[in-house]
Amino acid sequence: MSEQSSASKATPSGPNGRREPGGISSGVSLDDNFVQIIDVVKKFGETTAVRGVSLSVRNGELFALLGSSGCGKSTLLRMLAGLESVTEGQILIDGEDLAKMPPYNRPVNMVFQSYALFPHMSVEANVAFGLKQEGVKGGELKDRVRNVLELVQMAQYAKRKPHQLSGGQQQRVALARSLVKRPKLLLLDEPMSALDKQIRQRTQIELVNILDRVGVTCIMVTHDQEEAMMMANRLAVMSEGQIVQLGTPHEVYEYPNTRFSAQFIGSTNLFDGNVVEDEPDHVFVEAPELPVRMYVNHGITGPLGMPVTISVRPERIALTRKPPEGAYNLGRGKVTNIAYMGGYTLYHVTLDSGKVVVANLSSLAIGEIDSPTFGDEVYVRWSASAGVVLTS
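Given the structure is predicted, the values throughout are model-derived calculations rather than measurements. (Residues numbered from 1 in each chain as written. Predicted model: local features only at pLDDT ≥ 70, side-chain atom pairs only at ≥ 80, totals over all residues. Heavy atoms only, no water.)

A word on the confidence of the model for the protein
Stated formally: Residue-level confidence of the predictor is what pLDDT reports, using numbers from 0 through 100. Secondary structure elements follow DSSP: runs of H or I no shorter than four residues count as helices, runs of E no shorter than two count as strands, and numbering proceeds from the N terminus. Working rule for contacts: check all heavy atoms of both residues, and any pair within 4.5 Å makes them a contact.
Predicted confidence across the protein gives a mean pLDDT of 87, with 91% of residues reaching 70 or more. By mean pLDDT, the top-scoring element of the protein is strand β1 (residues 35–44) (97), and the lowest-scoring one is helix α9 (residues 363–367) (72). Segment residues 1–30 is flagged for pLDDT under 50; beyond a separation of four residues in sequence, or across chains, it makes 79 contacts in the model.

Shown next as structure tokens:
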């Protein structure tokens, strides 16, 4: 699926075109086609790993390729780096076709999942290695190494060896080694996978801040949806070598375009049914698992009787003990599982039809209601704006 066929809006951006942590940003104009991937195919013998992928990455953007193992995201990254050849199609960076450019001449640097630091070299020597290979010497070499180590807050560890550093510190050294060469494009291959959860979350914010200050365009590969949502301006969800959906984290999460996207990004409740009324501003769907019709406040322009799926995120589901008012988007059942997660609690409600609905209630919301417990009869309800109609 090409970028042109995916719903995507302009992303607000910071001074370097990248979203700040938490999504707060201010707009500037960008080169929308700084990196162009055009109908790219990659085959390994009879196996097709990447199937006609087209997308554009903006100058200064942090773009994430997100998908499960074997979806083609790492292969696409390796083609950008020149570690794999392109079977069909084109890849351009800043207007330059990379097809005839060997990896060592590309304006690209890559931070590997394993960091690939030289264990016998100090931090300083690891960062300087690539510059020395290019013939940079003397004062320029020392200044560039010192400046980039200060940027990643590792100057005080310049004389240490990699084994004397934490995982997060090694990650910053690997980043410094790539940034010191001033690439036009930085590639990150599962950059946080070696870190435990708490360090990973802190390092994600640090990395975004560093890349903001440098202003380098970055493409990141990850299977961690939270990582992609937190760090990226935009992301592409990949499956079986193709882009399933492309957009901002908000767009992809709130408006999934397929069952795969809805289930891969976060969790969701899926209700299968058939369209019984379709107007420009609403659609009614009958589902055998619910006692009433589902009402969604957008149309789909499809024939009556068309099979569709309604996706409703768990945090959009409300629980009540009393029957709610209204005749749409509700069901009755019993609480069959409760998982306390600290800031929120997950409720599993088995409806009279046997369908299990998951509701995510914040601690504040639970405090404002008579909190249900195991075996309690409850009603589930959601608003007309909470559902998204999926046709595939």
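So, the pairing of strand β6 (residues 108–111)
Each regular strand displays side chains that alternate between the two surfaces of the sheet. What counts, and what does not: Accessible area is worked out with a 1.4 Å probe on protein chains only. A residue is then buried under 20% of its type maximum, exposed over 50%, and partly exposed in between. By this definition, two strands are paired if DSSP reports at least two bridges between them.
Both faces of β6 are covered, namely the face carrying V108 and M110 and the face carrying N109 and V111. Relative to strand β7 (residues 185–189), β6 runs parallel, the two being bridged by 4 bridges. Of the residues in β7, the one forming a bridge with V111 is L188.

A closer look at the environment of P307
Its location among the elements puts P307 in strand β14 (residues 307–312). A residue is classified by how much of its surface remains accessible, and P307, at 57% relative accessible area, is exposed. P307 sits 21 residues away from E286 along the chain, and the two C-alpha atoms are 9.7 Å apart. If we ignore the near neighbours within four places in the chain, the residues touching P307 are G273 and N274.

What to know about the packing of helix α2 (residues 123–133) against helix α4 (residues 167–179)
To keep things clear, this is the line we draw: Under this scheme, a helix contributes an axis fitted over its contacting stretch, all axes are lines through C-alpha atoms, and angles between N-to-C directions fall in the 0 to 180 degree range. Reported orientations rely on four angle classes, namely roughly parallel under 35 degrees, roughly antiparallel over 145, roughly perpendicular from 65 to 115, and oblique for the rest. Helix crossings fall into two classes, left-handed where the near helix is turned counterclockwise from the far one by less than a right angle and right-handed where it is turned clockwise.
Relative orientation of the contacting elements α2 and α4 amounts to 30°, with a least axis distance of 7 Å. Judged by the inter-axis angle, α2 sits roughly parallel to α4. For the pair α2 and α4, the sense of crossing is right-handed. Touching V123, N126 and V127 of α2 are V173, A176 and R177, all from α4.

So, the pattern of salt bridges
It is possible for side chains of opposite charge to pair when their charged atoms get near one another. In plain terms, the rule: What counts as a salt bridge is simple: a side-chain nitrogen of Lys or Arg found within 4 Å of a carboxyl oxygen of Asp or Glu.
Under the definition given, this model contains 16 salt bridges. Among the salt bridges present, the one from R78 reaches E84, with a minimum N-O distance of 3.5 Å. Among the salt bridges present, the one from D376 reaches R321, with a minimum N-O distance of 3.0 Å. With D376 in the loop between α9 and β19 (377–381) and R321 in the loop between β15 (318–320) and β16 (330–340), the pair connects residues that are 55 residues apart, well separated along the chain. Within this structure, K42, R78 and E84 form a network of salt bridges that share partners.

Regarding the packing of α4 against helix α5 (residues 197–214)
What counts is decided by this rule: Residue polarity is assigned by list, with Asp, Glu, Lys and Arg as charged and Ala, Val, Leu, Ile, Met, Phe, Trp, Tyr, Cys and Pro as nonpolar; anything else, Gly included, falls into the polar class.
In the contact formed by α4 and α5, the axes pass within 11 Å of each other and the chain directions differ by 20°. As the angle between them shows, α4 and α5 are arranged roughly parallel. Of the two possible hands of crossing, α4 and α5 adopt the one that is right-handed. Of the residues in α5, those touching α4 at G168, Q171, R172, L175 and L179 are I199, T203, E206, L207, I210, L211 and V214. Counted by class, the contact of α4 with α5 contains 7 nonpolar, 3 polar and 2 charged residues.

A word on the sheet that holds β19
To summarise the sheet geometry, strands pair through backbone hydrogen bonds and adopt either a parallel or an antiparallel arrangement. With antiparallel pairing, 5 strands are arranged side by side in an open sheet as β15-β19-β16-β17-β18. Because the sheet does not close on itself, it has two edges, and the strands there are β15 and β18 (356–362). Looking at each pair of strands side by side, their axes are set apart by 45° on average, direction ignored. Here 3 bridges tie β15 to β19, and the two strands are oriented antiparallel to one another. In the strand pairing of β19, A318 is matched with R381.

Here's the deal with the side chain of H282
Formally: In protein, a polar contact means a hydrogen-donor-capable atom and an acceptor-capable atom, both N or O and within 3.5 Å, with residues adjacent in sequence counting only if both atoms are side-chain atoms; elsewhere, any N or O pair within 3.5 Å suffices.
Looking at the secondary structure, you find H282 in strand β12 (residues 282–286). The class for H282 is buried, based on a relative accessible area of 12%. Side chain to side chain, H282 and E277 meet in a polar contact 2.8 Å long. Once you skip the residues sitting within four places of it in the chain, H282 turns out to touch E277, Y295, V296, N297, H298 and G299.

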